Amino acid sequence: MKICKLTELNSIIEAKAKYQKVMLIYDDSASPTQINEIYYNLKQICVFNKIKAGENNLDIYNGYRAVIYLCTADSFIKLNIDTNEFINIFIPQDNAILPYVMDKNFYICKAESYLLTDKISSDENITISLLFNEYFNYLMSLVNCEEFNLNLNFSSNLTITQTLNLLSSLPSNLRFYDIELISKANIDYKMLPIVDYLLIAAFYTVTKSIQQNNLTIVDSYKAFKDDYAQIDKYFSLCSNNVLLELIKLNFSCLNSVCERVKDMILQNLTLPFTFFGANDANLKDVSLKLKNFCKNSNNLFAYLYLYNIFSV
């Protein structure tokens, strides 16, 4: 992804999508003045269309060369667009960066992309998200007998340029499971640091409980009643001792990594929770959404529900 000034939009479209179809996707954060200015600047050099995020007739796979996103991170996450199919031009309406570098499957997008901004601030959620996803990808690779090179050496307070260079250098198999979670659980992006901390603390608790044989199992028959598919899934999880044995065999390493990540995330949460919009009411709401997401998950998150971690 390249960083450009807002005034460079015309030259990008002229160089990359002249006389071709270009879609502008906007949300309520975009002003009519912004939308009209983009339209009048581009109407002579491309086939311009626009659509509001969330509208049911969003169809950009019909020959569009480039897509311009004039929206917030929350709106973009909900679009569920395969950004690998287009030249992507992001005009963020907030300070978020991380969601804009994701593809539809929550890996780093490899398509040609541009970030248009005159701001100098960076995304404060990135370091915490990287720490959690390094740990969770490492845990997933262990369970799936795959190779994953763990890296926890991330600096905070990076510039936008440094941040994008860091993200572009990440291994291709690093998946951002927390972004997928907030997308599917309908949690605001600003709450991502809280989500990551709650998750790493949950896995820390599970790891310690497995080692100490001190697990509480949810009553799946009571929880799911006539949903036999879910009952069967959780019965299978209870009967499968692979995760338990892997954690016991690798406890020292896993516990050390998990504790280190948890402490590093907490250190990066230097601002009070209220800075992230967290209070008693929405912390409870986030915990409930995490619980419901884990309940319906088909990967390791399901064990957090099985072991009743998010009991609210």
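Treat the numbers as computed from the prediction; the structure is a model and nothing was measured. (Residues numbered from 1 in each chain as written. Predicted model: local features only at pLDDT ≥ 70, side-chain atom pairs only at ≥ 80, totals over all residues. Heavy atoms only, no water.)

*Asks:* Sorry, what's going on with the pattern of salt bridges here?
*Replies:* Side chains that carry opposite charge are capable of pairing whenever their charged atoms lie near each other. The tally for this structure, following the rule as stated, stands at seven salt bridges. We note a salt bridge from Arg-175 to Glu-180, for which the minimum N-O separation is 3.2 Å. Here Asp-285 ties to Lys-289 by a salt bridge, and the two come within 3.3 Å at their closest N and O atoms. Note that Asp-285 and Lys-289 are positioned in helix H12 (residues 280-296) at a spacing of four residues, about one turn of the helix. Taken together, the shared-partner salt bridges connect Arg-175, Glu-180 and Lys-184 into one network. (Salt bridge = Lys/Arg side-chain N within 4 Å of Asp/Glu carboxyl O. Helix = DSSP H or I, 4+ residues; strand = E, 2+ residues; numbered from the N terminus.)

*Asks:* How should I be thinking about helix H6 (residues 177-185) in this particular structure?
*Replies:* One full turn of an α-helix is made of 3.6 residues, so residues set three or four places apart face in the same direction. Counted residue by residue, H6 has seven buried out of nine residues, so it is predominantly covered. Every buried residue of H6 is accounted for by Tyr-177, Asp-178, Ile-179, Glu-180, Leu-181, Ile-182 and Ala-185. Just downstream of H6 lies Asn-186, where phi reads positive at about 60°. (Buried < 20%, exposed > 50% of the residue type's maximum accessible area, 1.4 Å probe, protein only.)

*Asks:* Explanation requested: the environment of Ala-202 in the structure shown.
*Replies:* Structurally, the position occupied by Ala-202 is in helix H7 (residues 192-211). Distance in space between the C-alpha atoms of Ala-202 and Ala-53 is 34 Å, their sequence separation being 149 residues. Once residues within four sequence positions are removed from consideration, Ala-202 is found in contact with Leu-304, Ile-309 and Phe-310. (Contact = heavy atoms within 4.5 Å.)

*Asks:* Could you clarify how one ought to interpret the side chain of Lys-233 in this entry?
*Replies:* Within the element layout of this structure, Lys-233 appears in helix H9 (residues 228-239). The side chain of Lys-233 is buried and forms no salt bridge, while Asp-227, the nearest opposite charge, is found at 8.5 Å. Among the polar contacts listed, one links the side chain of Lys-233 to the backbone oxygen of Lys-295, at a separation of 3.2 Å. (Lys, Arg positive; Asp, Glu negative; His and termini not counted. Polar contact = N/O pair within 3.5 Å; in protein donor to acceptor, adjacent residues only side chain to side chain.)

*Asks:* Looking at this structure, how should I read the nonpolar core?
*Replies:* A general feature of soluble globular proteins is that nonpolar side chains tend to end up buried together. If you look at the biggest cluster of nonpolar residues, it comprises 91 residues, and the most contacted ones within it are Ile-25, Leu-98, Leu-181 and Phe-301. Considering each element in turn, this core owes the most residues, eleven residues, to H7. When near neighbours in sequence (up to four residues on either side) are disregarded, Phe-301 contacts Phe-132, Phe-136, Tyr-177, Leu-181, Leu-199, Phe-203, Phe-293 and Cys-294. Among the nonpolar cores identified, the runner-up in size contains 23 residues, and Val-22, Leu-42, Cys-46 and Ile-89 belong to it. (Core = buried A, V, L, I, M, F, W, Y, C linked by side-chain atoms within 4.5 Å.)

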